[in-house]
Number of protein chains: 2
Amino acid sequence: MKKHNLCYAQSGGVTAVINTSAAAVIAAAKTTPAVHRVYAAQNGILGVLNEELIETWHESGKSLRQLEQTPGGAFGSCRVKLPDPNDDLVPYARLMDVFAAHDIRYFLYNGGNDSADTAMKLSAAARTLNYPLVVVGVPKTIDNDLAATDTCPGFPSAAKYVAVSIAETMLDVASMSATSTKVFVLEVMGRHAGWLAAAAGMAVPVGGGALMILPPEVPWRRAHFVATLHRRVKKYGYAAVVVSEGLCDSKGNFLSADGTDQFAHHQLGGVAPIIADVAKHAGYKCHWGVADYMQRAARHIASAVDAKQAVAVGEVAVQLAVQGKNAYTPVIRRLSDSPYRWRVEATSLKKVANRERKLPTTYFNREQYCITAAGRRYLSPLIKGEAYPTYNATGLPEYAILKKQLAHKKLPPYSAN
Amino acid sequence: MKKHNLCYAQSGGVTAVINTSAAAVIAAAKTTPAVHRVYAAQNGILGVLNEELIETWHESGKSLRQLEQTPGGAFGSCRVKLPDPNDDLVPYARLMDVFAAHDIRYFLYNGGNDSADTAMKLSAAARTLNYPLVVVGVPKTIDNDLAATDTCPGFPSAAKYVAVSIAETMLDVASMSATSTKVFVLEVMGRHAGWLAAAAGMAVPVGGGALMILPPEVPWRRAHFVATLHRRVKKYGYAAVVVSEGLCDSKGNFLSADGTDQFAHHQLGGVAPIIADVAKHAGYKCHWGVADYMQRAARHIASAVDAKQAVAVGEVAVQLAVQGKNAYTPVIRRLSDSPYRWRVEATSLKKVANRERKLPTTYFNREQYCITAAGRRYLSPLIKGEAYPTYNATGLPEYAILKKQLAHKKLPPYSAN
């Protein structure tokens, strides 16, 4: 069998376990006869365009083990949209030149729905340009909004972080509420889908208790929110609110946006302070937090299931590549909730690209601002188990320090013009 | 020996390990011959005023073990300032009545410098009113600003959370910086003292690398900050900024305050968005987070040293009480940095009350926005080791659910007038 090289790249917003998938790809490729060596593109597809290819075989076994527990994208990620290959084949011709120069026949793109779109375009362009490339996706996103997969690696760890953080902060504010703070607002990620906000619901019993969840799928009604807030504070002595960054009003406008918010405040970004301001006007002392990158980088509290699934999709992606499953991606299929059983299957990237899976209405009770029993059944197994990193002598996790040795360039520099 | 009862109460901002001290007090009192039973005042000193005393002996052994790993103040905390007993003895007379009614001769107040002040007033008033009360402090504060102690229980865990969180988010932004976010700003607590901001320095090598720390002790100079930010981004491709909530300008005004900030923005609170706005104006895509209560409630990443010291101060406080060390408090004395050795000593509450220990100038390099080698020597042992909580079947930590059975009231309701 003629061996060829594989190129792995990271794309879009990174997660606590995207490097876990990277390490799994590199390890699986080593034992795959059809694969010679694994390159990692520096900064996603940009690294291919610029012929900046990291020779992963120089990395030590220790570094690759530590890579599994290192958050962020160790090889660099990117937010780059390629043109439609029907309109402009120039960048694709360059990509094929780079692949050919380094005998790369397998390309694994580790990303979300935008990255699936890029992978599909790349696959189509390779066919047009007659280059024998197999493109396979490796799913990841903390937003959990990928179609065709039960969950996305990255989401369960972020969900665990959100659930544990709101559980902890609710205990905090509960103890302060007699004479001080009565409302705590936490902003989590989710421009269009409220999966992470919903995960906060795991911190409380069915019914929601003192917690109110504001996902982007449910238009925010100020009067209804304030009335419910009053009832919660009256009943529990305090309230906690978890709000998605993408919360919208009934007209579909974001509450928070760059520039000036809809209340004509100069708004520096962040919906938490807006909701906190509403709670303040309702008469409550209020604190607010913004989890931002902390939630997606929180490898220190990664979900054990997430780490396993991140490995599994990486391994299967290598198999799909050498099987010639072009424009396919591994996905997670759930077999049962309790006991939680799942397996990895393959599906066409078409079913993933440019689609968005929102929080189902059956998972969320919009009148009570809480998840339903069905929502709990879905979320519960995902945040179970802790995949702790090892720590060094100074009390910090041991992160991989990679050599990232670049391959010798064989082509002239790329110029798009 | 005649036995008497002990009353324990929590005060001020709570921490990840204040309940660890509570559990230690209850356990130590059980084996102390002079102590009959332990009451816990509901919501700090307010619980004594209102004769709301929790009978801790009804709590199960399991609940008390889980209390050790439960953040927040399980018995309720309060922010209440008592009058000077020279001006107004009325509330003190009530407090002594409640103590007498329940045969409480030992009062342990778990708090920071304000609580030490309350404890001192209480002790003085008891002497004036001729009630045989022994008042002992139990130190805690995430701010680490207590005088006369090397560190304060609560701080090492919050410091570990900050150090790990900024390490994780720096890895995240580093991987995005080629085409997206170049600056990440994290706001941490600290109105007047920059200990928690300084803890972020543990995430990076000596010199600071891509990290810039803005503690309240150093007046913020916009031009110097922006110039340094440019240099960091140029050198590392990205930068991270950790800013204390209490950051001030050269005139001593807070950058962030309720109402209108000094830039005439309507400011909803939070200095992170202000610094992020400055970074945006400097030309960088920027993300920001606000750790708020998350940092002080993050029991899931508590420091092992912190948990041990929280137990130790609780145990010693009980000893001091029965030894009659009125108006004393246990403090932590550091014996050596490496290996880290410490012991608990007793000191007068006078040395703690109403004083504030700021970040020493020798621990911080204000030109480089980073901690010094001396700062690292101080911080390093504090964040070493992880005191993980146990988790339940749904993936959440197991928190204590206390009965909190109130003692039968023996006195008429309290009215301040």
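The model shown is predicted, which means the values in this text are computed figures rather than measured ones.

Rules used in this analysis
- Residues numbered from 1 in each chain as written.
- Chains lettered and ligands numbered in written order.
- Predicted model: local features only at pLDDT ≥ 70, side-chain atom pairs only at ≥ 80, totals over all residues.
- Heavy atoms only, no water.
- Domains from an automatic or database assignment.
- Contact = heavy atoms within 4.5 Å.
- Buried area = accessible area lost by both parts, 1.4 Å probe.
- Salt bridge = Lys/Arg side-chain N within 4 Å of Asp/Glu carboxyl O.
- Polar contact = N/O pair within 3.5 Å; in protein donor to acceptor, adjacent residues only side chain to side chain.
- Nonpolar A, V, L, I, M, F, W, Y, C, P; charged D, E, K, R; others polar.
- Buried < 20%, exposed > 50% of the residue type's maximum accessible area, 1.4 Å probe, protein only.
- Helix = DSSP H or I, 4+ residues; strand = E, 2+ residues; numbered from the N terminus.
- Pairing = 2+ DSSP bridges.
- Right-handed = clockwise from strand over helix to strand, strands pointing away.

Enquirer: Summarise the domain arrangement of chain A; cite the residues concerned and give the values.
Expert: Residues and elements named next belong to chain A. Considered domain by domain, chain A is made up of domain 1 (4-141 + 302-354) and domain 2 (155-297). Between domain 1 and domain 2, the C-alpha centre-to-centre distance is 35 Å. Facing the 11 residues of domain 1 at the interface are six residues of domain 2. Around 680 Å² of area is buried between domain 1 and domain 2 when both sides are counted, 50% of it from carbon and sulfur atoms. The largest per-residue losses of area from domain 1 upon contact with domain 2 belong to Val14, Ser303 and Asp306, which jointly make up 43% of the total buried on that side. Summed over the shared surface of domain 1 and domain 2, the result is zero salt bridges. Counting across the interface, domain 1 meets domain 2 through five residue pairs in polar contact (both at pLDDT 80 or more). Across the side of domain 1 that touches domain 2, the residue classes break down as five nonpolar, four polar and two charged.

Enquirer: Which residues make up the pattern of salt bridges, and what values go with them?
Expert: Within this structure, the stated rule accounts for 21 salt bridges over all chains. The residue Glu345(A) makes a salt bridge to Arg343(A) at a minimum N-O spacing of 2.9 Å. Accessibility expressed as a relative area gives 40% for Arg343(A), which makes it partly exposed. We note a salt bridge from Lys81(B) to Asp117(B), for which the minimum N-O separation is 3.6 Å. Here Lys81(B), found in the loop between helix H3 (61-67) and helix H4 (90-101), pairs with Asp117(B), found in helix H5 (residues 113-128); they are 36 residues apart in sequence, far enough to count as distant. The class for Asp117(B) is buried, based on a relative accessible area of 9%. Overlapping salt bridges bring together Lys81(A), Asp117(A) and Lys121(A) as one network.

Enquirer: Explain the pairing of strand S2 (residues 35-41) of chain A to me, using residue names and the numbers behind them.
Expert: All names here are of chain A. With five of its seven residues buried, S2 lies for the most part within the structure. As paired elements, strand S1 (residues 4-10) and S2 share four bridges and run parallel to each other. The residue of S2 that forms the bridge with Tyr8 is Ala40. For the segment spanning S1, helix H1 (residues 18-30) and S2, crossover handedness is right-handed. Here three bridges tie S2 to strand S3 (residues 53-55), and the two strands are oriented antiparallel to one another. When the bridges of S3 are listed, Tyr39 appears paired with Glu55.

Enquirer: Can you break down the side chain of Asn110(B) residue by residue, with the values?
Expert: All names here are of chain B. Inspection of the secondary structure puts Asn110 in strand S4 (residues 104-111). For Asn110, a relative accessible area of 0% gives the class buried. Looking at Asn110, its side chain comes within polar contact range of the side chain of Tyr8, at 2.6 Å. Side-chain polar atoms of Asn110 contact the backbone oxygen of Val138, separated by 2.8 Å.

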